[in-house]
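Listed below are the residues making up each chain.
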Amino acid sequence: VQLQASGGGLVQAGGSLSVSCAASGRTFSTYVMGWFRQAPGKEREFVAAIRWNGGTTAYADSVRGRFTISRDKAKNTIYLQMNSVQPEDTAVYYCAGGTGIILSQLRQNHAYGYWGQGTLVTVSS
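What you are looking at is a predicted structure, and each value in this text was computed from that prediction instead of being measured.

Asker: How should the nonpolar core be read in this particular structure?
Answerer: One recurring pattern in soluble globular proteins is that nonpolar side chains are buried together. With 40 residues, the main nonpolar core has Met33, Trp35, Leu80, Met82, Tyr93 and Tyr112 as its most contacted residues. Apart from residues lying up to four places away in sequence, Met82 is in contact with Gly15, Ser16, Leu17, Val19, Arg66, Phe67, Tyr93 and Val121.

Printed below as a string of structure tokens:
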């Protein structure tokens, strides 16, 4: 499985930005796809996740209502639309994928077996 993240960049506080992750290598019907982020000097943290089949989503409290995760099955791509971004959203954003992930594991790094290379999002104040 290969995950290729793209779309990061510089955005002003209050603005919007979308990042995407192209997935390849197998059928993802049983997969959960997620976004995590890691700010300088901090641990990697969960942002959002989506079940490939069914589209059930989950969000970190810090981004709920501002960020939206979605997927395009035809393009094998997941997206993270970020609105009302704040300087504390500055981080490297990683997409991840895994199979057999149950609800209680959605927010845990170790539940995901595949990771993209990360894309930097910088929010200026």
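Asker: Would you mind showing me how to read the packing of aromatic side chains here?
Answerer: Given two aromatic rings, their pairing is described by the distance between the two centres and the angle made by the two planes. Inspection of every chain in the model, using the stated rule, returns seven aromatic pairs. Aromatic side chains Phe36 and Trp115 sit 5.1 Å apart centroid to centroid with 55° between the ring planes, which places their arrangement in the tilted category. Taken together, the positions of Phe36 in strand E4 (residues 31-38) and Trp115 in strand E10 (residues 114-115) put the pair 79 residues apart, joining distant regions of the chain. Assessed through its relative accessible area of 0%, Phe36 is described here as buried. Judged by relative accessible area, which is 28%, Trp115 ranks as partly exposed. Among the aromatic residues, those joined into a ring-pair cluster are Phe28, Tyr31, Trp52 and Tyr114. Positioned over the ring face of Tyr94 is Arg44, at 3.8 Å from the centre of the ring.

Asker: Is there a simple way to think about the environment of Arg37 in this case?
Answerer: Examined against the element boundaries, Arg37 turns out to sit in strand E4. Sequence separation between Arg37 and Leu120 is 83 residues; the distance between their C-alpha atoms is 9.2 Å. When neighbours within four sequence positions are excluded, Arg37 is seen to be in contact with Glu43, Arg44, Glu45, Val47, Ser62, Val63, Phe67, Glu88, Asp89, Ala91, Val92 and Tyr93. Looking at Arg37, its side chain comes within polar contact range of the side chain of Asp89, at 2.9 Å. Looking at Arg37, its side chain comes within polar contact range of the side chain of Tyr93, at 3.0 Å.

Asker: Looking at this model, I keep getting lost on the side chain of Arg37. Mind explaining?
Answerer: For Arg37, a relative accessible area of 5% translates into the label buried. At a separation of 2.6 Å, a polar atom in the side chain of Arg37 contacts the side chain of Glu45.

Asker: Would you mind showing me how to read the pairing of strand E8 (residues 77-82) here?
Answerer: Moving residue by residue along a regular strand, the side chains alternate between the two faces of the sheet. When strand E3 (residues 17-24) meets E8, the two strands line up antiparallel, connected through six bridges. Considered in E8, the bridge of Ser20 is made with Tyr79. Relative to E8, strand E7 (residues 67-72) is paired through six bridges, and the arrangement is antiparallel. Bridged to Ile69 within E8 is Leu80. Counted between consecutive antiparallel strands, the loop separating E7 from E8 contains four residues, among which Asn76 sits at a positive phi close to 50°.

Conventions we followed
Residues numbered from 1 in each chain as written. Predicted model: local features only at pLDDT ≥ 70, side-chain atom pairs only at ≥ 80, totals over all residues. Heavy atoms only, no water. Core = buried A, V, L, I, M, F, W, Y, C linked by side-chain atoms within 4.5 Å. Buried < 20%, exposed > 50% of the residue type's maximum accessible area, 1.4 Å probe, protein only. Contact = heavy atoms within 4.5 Å. Phe/Tyr/Trp six-rings, centres within 6.5 Å; stacked < 30°, edge-to-face > 60°. Helix = DSSP H or I, 4+ residues; strand = E, 2+ residues; numbered from the N terminus. Lys NZ or Arg CZ within 6 Å of the ring centre and 35° of its normal. Polar contact = N/O pair within 3.5 Å; in protein donor to acceptor, adjacent residues only side chain to side chain. Pairing = 2+ DSSP bridges.

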